[in-house]
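Chain and residue survey
The residues making up each chain are set out below.
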Amino acid sequence: MEENNQNNAQRPLLFMLTYLLMKRRRDLNSVNVERRNEIQRRSRLRQYFLQKQKRTLMMLLTQSSQSCSCPIPTRVWSNTESTDWWERVVMREFQPADWLEKFRMSKETFFFLCGKLKLRLTRQDTRLRPALPLEKRVAVALWRLATNVEYRTISELFGVGRSTVCKCVREVCHAIVVLLKPLYLCTPSEQELEDAAKLFQTRWGFPHCVGVLGSLHVPIIAPSSNTDSYWNSQGWLSVVMQAAVNGLGHFWDVCAGFPGSTEHAAILQNSTLWAQACEGGLAPSPPRSFMGRPLGYLMLGDAGYPLRSWLLKCYPERPQITASQQTFNRRLLRAHSVLDVALLRLRARWQCLHKRNDCGLDVVPTMVLACCILHNICEVHGDTFVEDWVDVVRHGECPQPTDTLSPSVGEDEVEEVRGLYCEYFQQQEQEHSQPV
């Protein structure tokens, strides 16, 4: 009995000793782990600084060898940059046709663009290397937008790294959107809307129209997520751009970045243009008279858009269609062709919108906006458009998807507006058919 009591009294002491031994072992293990981690960290830092010193030394040796009158042959792996092609060939020997072919704009427009972007793209030299000149940064980006060639080719051509090419494209496109969008891609003022309406009436014979609305599918590579939503009706991956143009084929509203399977009506209803038009932003004050009735400005769309009092589209082709409705369709399609020509010239000039774009989805919408702004700049400055560029687009491998037909049944007011235009065009044809 006494022995059992003695054992019971010693048991807590044994538990305590066991706990202390285990705790001591854990402490020793954690100390060893921390010591190993510290040794590894110091080894990595030492290796990093050694490599940095090596790179700095090689850069200084390269610069000294280039400045020497009897240059020492450099090793193959030194990867020295070659700027002879840019400084001598482009800046001194390029003819006007070469500037148009390679940069899709005249030399004067190129330097005008550089001047506008100078505030955001100028970089300062450092001790290790001089900054890439502003003109060269813009040229790298324009070459990419115009040709859509891979980064490696542009890297070898301009004598810069591939990462530098990618960075130039991103920064230049972003600068164009931030600095030049308020100047070349903005909502028209009331006076500009009135001028646009006069232009559509005189050039295209469609009164009270201020713009044509349509879309463009830009080919892309397969995204890392949500891939199914980017397949369009033609069976290829794309991002959709919604665009509105005036009577001259200049873009004044662009909404880009929607997946290729998105319907045109859904894109329109999620754009600022929809909110502006529904809130009366396209209505002149006071309303202009048309066929004896006050009427606001309107736009023309294709079959995929909904029918609204400010957005008209053709009557569906059916056996019951009348002669006046057929006349209305012909006049609308004739005016709508200004958008088709503008999109064709846009893709022909900037082939990154025509060929498959391998940039990330975070860059594509900015790139699309930048191309539309550059299109407007070239058109405003009167830069020559080479018709041979169009052949590449017309024989492309990615045909544009056809518009999904949306219901054309509208409110009584909308049908009345289309009826007024049918009557107006019918009267015009009758006047032209009468003998003088």
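Coordinates for the structure precede this section.
In this report, the structure presented in the accompanying data block is examined. Remember, predicted model here, so these are calculated numbers, not experimental data. Just so you know, the residues in each chain are numbered from 1, in the order the chain's sequence is written. Given that the model is predicted, a residue must reach a pLDDT of at least 70 before its local features are reported, and side-chain atom pairs must reach 80 or more before they are shown or counted; all residues, however, enter totals for whole chains, interfaces and linings. To obtain the side-chain values, all non-hydrogen atoms of the structure were included, while hydrogens and water were left out.

Right, let's talk about the overall build of the protein chain for a bit. For helices the rule is a DSSP run of H or I covering at least 4 residues; for strands it is a run of E covering at least 2, with both sets numbered from the N terminus onward. Looking only at helices and strands, the protein chain has 14 helices and seven strands in total. For every residue, the accessible area obtained with a 1.4 Å probe (protein chains only) is divided by the maximum for its type, and the residue is called buried under 20%, exposed over 50%, and partly exposed between those limits. Every one of the 436 residues in the protein chain was classed for burial, and the buried ones make up 42%. Counting only contacts in the protein chain whose residues sit at least 6 apart along the sequence, the fraction spanning at least 24 positions is 70%. Only the protein chains shown count as cover for residues, and the accessible areas themselves come from Shrake-Rupley with a 1.4 Å probe. Surface accessibility of the protein chain: about 24,900 Å² in total, with carbon and sulfur atoms responsible for 53%. Here a residue-residue contact requires only that any non-hydrogen atoms of the pair lie within 4.5 Å.

In this section: the pattern of salt bridges. What counts as a salt bridge is simple: a side-chain nitrogen of Lys or Arg found within 4 Å of a carboxyl oxygen of Asp or Glu. Applying the stated criterion across every chain, the model contains 14 salt bridges. The partner of Arg-88 in a salt bridge is Glu-93, with the nearest N and O atoms 3.1 Å apart. Classification of Arg-88 as partly exposed rests on a relative accessible area of 36%. A salt bridge links Asp-362 to Arg-170; its shortest N-O distance comes to 3.3 Å. One end of the pair, Asp-362, is in the loop between helix H11 (323–349) and helix H12 (364–380); the other, Arg-170, is in helix H7 (residues 162–184), with 192 residues separating them in the sequence. You can call Asp-362 exposed: its relative accessible area is 55%. We classify Arg-170 as partly exposed; its relative accessible area is 39%. Among the charged side chains, a salt-bridge network with shared partners connects Arg-123, Arg-137 and Glu-171.

Let's shift gears to a negative patch on the surface. Each patch is built from residues lacking any salt bridge and having more than 30% relative accessible area; the joining distance is 9 Å for like charges and 5 Å for nonpolar side chains (Val, Leu, Ile, Met, Phe, Trp, Tyr). Positive charges come from Lys and Arg alone, negative charges from Asp and Glu alone, with His and the N- and C-terminal ends not counted. Charge coordinates come from a single atom per side chain, which is NZ of Lys, CZ of Arg, CG of Asp or CD of Glu. Side chains of Glu-101, Glu-387, Asp-388 and Asp-391 sit close together on the surface and give a patch of like negative charge. Accessibility expressed as a relative area gives 38% for Glu-101, which makes it partly exposed.

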